[in-house]
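Overview (structure and organization)
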Amino acid sequence: MQIHRIRAASLKEALLRARQTLGEEAIVISQETLPGGEVALAVARREASTVESAVFRAPRSTPRPPAALRELDQRLEKHNVSEAFRLELCAAVQTRLAEGAHPVDLAAEEIARRFVLARLARIAGKTRILTLVGSTGAGKTTSLVKIAHGMQQAGRKVEFATLDSHRVGAVEQLRAFAQLQGLPMTVLKRGVRMNPTALASGGVDMLLLDTTGHANQDVPLLMQLRKALASAPVAIDVQLVLPASTSRRARAEQLELYQSLQPTGCVITKLDETGDKASALEFAREHALPVSFLCDGNRIEADLHRASGNAVADLLLMGKLS
Ligand SMILES: Nc1nc2c(ncn2[C@@H]2O[C@H](COP(=O)(O)OP(=O)(O)OP(=O)(O)O)[C@@H](O)[C@H]2O)c(=O)[nH]1
Ligand SMILES: [Mg+2]
């Protein structure tokens, strides 16, 4: 491991220069304040093969964080953050310990900047269509209803539509919510030509489109919809609903099934049903899938949270959303 020595007028400047020289992989080996107030750092670049010895200073087989990071590592482990991600976060926090902040606060910042968030801002002159896809029972309809409620509260004009026209009770489930919220709802019957005017009644900011949960039905219907609306003033977002409580394999299968629709983000549901707060989030990060909403229960008004760096950090460090 090559050690670089950096001198600067302040610790902040020294850390900045360390990062400029060695990138995000920089780790601080030692720090010294020189007579006259200058700060000298010995820094090195963390390499994959030296991560454990540099960061945890323990044999490869039993990586253990240094005492200052042990509490942080245990917290992350408790909420099922993978070993690789824990290692990455501890290494990043290690480089910043000299800043003097608490490791958990530093970790919150490091977590926050590692997640891409999906935004559904209003687009002037266009209706956004947000459609949620994913396995049956994943929480698509419930999440759409929560999103509608949130947007309505924020003064945005929203409507519902559904592709789920055949299954017994599906239309009724959404219609009941639509009526409760006083929102119009369109049922897109199969075989009926989809056109923008049949979809939304005009001046709508967001059309929330429910699907069946069967990829073999939803994928061709959504392809057809995209084609029909290619020149219409709409922007279509397909987002994958990933329950926190399912397996990694199930998530990978879902992504594969809907990949052809090029999902622009994901909604993570059922965070209240499992102690595993991390796997679905890590899955989203690994697949460069921006996160839009986090759901932790089935109450319409209370259990939808817009994804934010702080919210993700709260989940991984505290195990809950505040
Ligand atoms: N605990 C918990 N339950 C949820 C959450 N989101 C949805 N549910 C529940 O999960 C069940 C299925 O939710 P739906 O919204 O109907 O799921 P769906 O994906 O639309 O299901 P299909 O239409 O059958 O494909 C319902 O009982 C919801 O109340 C959540 O975040 N936490
Ligand atoms: Mg549904």
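Conventions and cut-offs
- Residues numbered from 1 in each chain as written.
- Chains lettered and ligands numbered in written order.
- Predicted model: local features only at pLDDT ≥ 70, side-chain atom pairs only at ≥ 80, totals over all residues.
- Heavy atoms only, no water.
- Helix = DSSP H or I, 4+ residues; strand = E, 2+ residues; numbered from the N terminus.
- Buried < 20%, exposed > 50% of the residue type's maximum accessible area, 1.4 Å probe, protein only.
- Near = heavy atom within 4 Å.
- Polar contact = N/O pair within 3.5 Å; in protein donor to acceptor, adjacent residues only side chain to side chain.
- Areas by Shrake-Rupley, 256 points an atom, 1.4 Å probe, with all protein chains shown as cover.
- Nonpolar A, V, L, I, M, F, W, Y, C, P; charged D, E, K, R; others polar.
- Contact = heavy atoms within 4.5 Å.
- Pairing = 2+ DSSP bridges.
- Axes fitted to C-alpha atoms, helices over the stretch in contact; angles between N-to-C directions.
- Core = buried A, V, L, I, M, F, W, Y, C linked by side-chain atoms within 4.5 Å.
- Domains from an automatic or database assignment.
- Salt bridge = Lys/Arg side-chain N within 4 Å of Asp/Glu carboxyl O.

What to know about the environment of Gly155
- One can find Gly155 in the loop between α6 (140-153) and β5 (158-162).
- In this structure Gly155 comes out as exposed when scored by relative accessible area, which is 54%.

Topic: the site of ligand 1
- The immediate surroundings of ligand 1 are formed by 19 residues, with Gly137, Lys140, Thr141, Thr142 and Asp272 found nearest.
- In the environment of ligand 1, an oxygen atom lies 3.1 Å from a nitrogen or oxygen atom belonging to the backbone of Ala138.
- Here ligand 1 has 650 Å² of accessible area as a free molecule, and 81% of this is covered by the chains.
- Residue contributions to the shell around ligand 1 peak at 4 residues, all from α6.
- Looking at the shell around ligand 1 residue by residue, the class counts come to 2 nonpolar, 10 polar and 7 charged.

Points about the side chain of Arg96
- Looking at where Arg96 falls in the secondary structure, it is placed in helix α4 (residues 83-96).
- There is a polar contact of 2.6 Å between the side chain of Arg96 and the side chain of Glu109.
- A polar atom in the side chain of Arg96 sits 2.7 Å from the side chain of Glu110.
- Setting aside residues up to four positions removed in sequence, Arg96 forms contacts with Arg19, Leu106, Glu109 and Glu110.

Some points on the sheet that holds strand β10 (residues 291-295)
- Strands sit in the order β6-β5-β7-β4-β8-β9-β10-β11 across an open sheet of 8 strands; the sheet is mixed. Looking at the sheet topology across the chains shown, the edges are occupied by β6 (185-187) and β11 (304-306). If you compare each strand with its neighbour and ignore which way they point, the axes differ by 25 degrees on average.
- Direction of pairing for β10 relative to β11: antiparallel, over a ladder of 3 bridges. Paired with Leu294 across the bridge in β11 is His305.

A closer look at the nonpolar core
- If you look at the biggest cluster of nonpolar residues, it comprises 54 residues, and the most contacted ones within it are Leu72, Ile111, Ile268, Leu281, Leu294 and Leu316.
- Sort the elements by how many residues they give to this core and helix α12 (residues 309-318) lands first, with 6 residues.
- Taken domain by domain, this core gets at least three of its residues from each of domain 2 (55-114) and domain 3 (127-318).
- Apart from the residues within four sequence positions on either side, Leu281 is in contact with Phe115, Ile268, Val291, Leu294, Val312, Leu315 and Leu316.
- Core analysis: the second largest hydrophobic core is formed by 25 residues, Ala148, Met206, Phe293 and Cys295 among them.

With respect to the pattern of salt bridges
- Here the structure, examined in full by the defined rule, presents 16 salt bridges.
- Between Arg113 and Glu110 there is a salt bridge whose closest N-O contact spans 2.9 Å.
- Residue class for Glu110 comes out buried when judged on its relative accessible area of 2%.
- Residues Arg249 and Glu253 are paired through a salt bridge, measuring 3.1 Å at the closest nitrogen-oxygen approach. One end of the pair, Arg249, and the other, Glu253, are both in helix α10 (residues 248-258), 4 residues apart, so they sit about a helical turn from each other.
- For Arg249, a relative accessible area of 63% puts it in the exposed group.
- Within this structure, Glu88, Arg96, Glu99, Glu109, Glu110, Arg113, Arg114 and Arg285 form a network of salt bridges that share partners.

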